[in-house]
Structure formats: structure tokens, C-alpha cells
Amino acid sequence: MRGSGEGSNGTWWNGSRLWAPALANLLIGVVAVIPCGCVWWLLTEYPSARCGGDWACNEEASESAFAMTGFALIGGTVVLGLVLVVDVLMPRQEDWRLRNWLGMAALVPVPFAVGRALGWW
């Protein structure tokens, strides 16, 4: 933590430049690939599981859905916590421009989108 008279003058890490928030949010996006993949599976694959007319689905789909929902909830909570710490709390503590960090938060889903576009999952 810096004192009131200290700034980031003369150091290589300056939180007000755009490359630092962009890199930090892209790294958060790499972590966010797991919960995004789980949500993607729940939205695309799970509805196509074979279910009979009596609402009894096959057990493999039910077990996978339970695990995917758990991973999506836990991973999503971790990612939201990272975004809160990195994009809100850290810039406020270091007296950096908050709008740069919040604006670059839009880069979080980019690694997942690139992976989907390249057919990795």
C-alpha cells in the first residue's frame, strides 16, 4: 500500500495505463473459461438429454448436470470475486483510474469466445 505522497512515477507498473487492466482482465478470463464452459454445456447439451414423457431423465445426464451446475456456481463466484478485487478494490486502494479498470472488465469473456471460435470446446 502506498502512502499519500507516493505515486507510480518512475516505476514500470502504472495502473492508469490501459495495458495493465487489459492484461489483468484477460488473465481473469482464462480462469473464467471453466465456469463459462459449464454454463455453455448446461444451455446447449443438457436440454438435449433424453428424457421420457414422465419427466424421468437418464441418470448420467442428471449427474453431469449437478456437477456442471456446481462448477458454474463455484467458479462464477470466484471469477466475480476476482473482478471485484482486481477491477474495483485494487484501483481504489492504489489511486488508479477506476474507469480504465472497469472498462477493461469487458475483456473477461474474450478467452472463452476465442476458444469457442477456434473449436477448442
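Fair warning: this is a prediction, and the values are worked out from it, not measured in the lab.

Visitor: Would you mind going over the environment of Gly115 with me for this structure?
Guide: Counting through the fold element by element, Gly115 comes out in helix α4 (residues 110-118). According to the relative accessible area criterion, Gly115 is buried, its value standing at 0%. Along the backbone, Gly115 and Val33 are 82 residues apart, and their C-alpha atoms lie at a distance of 8.7 Å. If we skip the residues at most four places from it in the chain, Gly115 touches Trp120 and Trp121.

Visitor: Explain the environment of Ala65 to me, please; I cannot follow it from the model alone.
Guide: As for its placement among the helices and strands, Ala65 is situated in helix α2 (residues 59-94). For the pair Ala65 and Tyr46, spaced 19 residues apart in the sequence, the C-alpha separation amounts to 6.9 Å. Contact partners of Ala65, with chain neighbours within four places excluded, come to Trp41, Leu42 and Tyr46.

Visitor: What is the right way to look at the side chain of Asn25 in this model?
Guide: Mapped onto the secondary structure, Asn25 falls in helix α1 (residues 19-44). At 3.4 Å, the side chain of Asn25 forms a polar contact with the backbone oxygen of Met104.

Visitor: Sorry if this is basic, but what is going on with α1 here?
Guide: Since the α-helix advances by 3.6 residues per turn, residues separated by three or four positions end up pointing in the same direction. Of all the bends found along α1, the most pronounced is centred on Ala32 and spans about 45 degrees, while Pro35, a proline, follows it within four residues. Residues of α1 that are buried include every one of Ala20, Pro21, Ala22, Ala24, Asn25, Ile28, Gly29, Ala32, Val33, Pro35 and Cys38, and no others.

Calculation criteria
Residues numbered from 1 in each chain as written. Predicted model: local features only at pLDDT ≥ 70, side-chain atom pairs only at ≥ 80, totals over all residues. Heavy atoms only, no water. Helix = DSSP H or I, 4+ residues; strand = E, 2+ residues; numbered from the N terminus. Buried < 20%, exposed > 50% of the residue type's maximum accessible area, 1.4 Å probe, protein only. Contact = heavy atoms within 4.5 Å. Polar contact = N/O pair within 3.5 Å; in protein donor to acceptor, adjacent residues only side chain to side chain. Bend = angle between axes of the 7 residues up to and from the residue.

In short, geometric facts, not functional conclusions.
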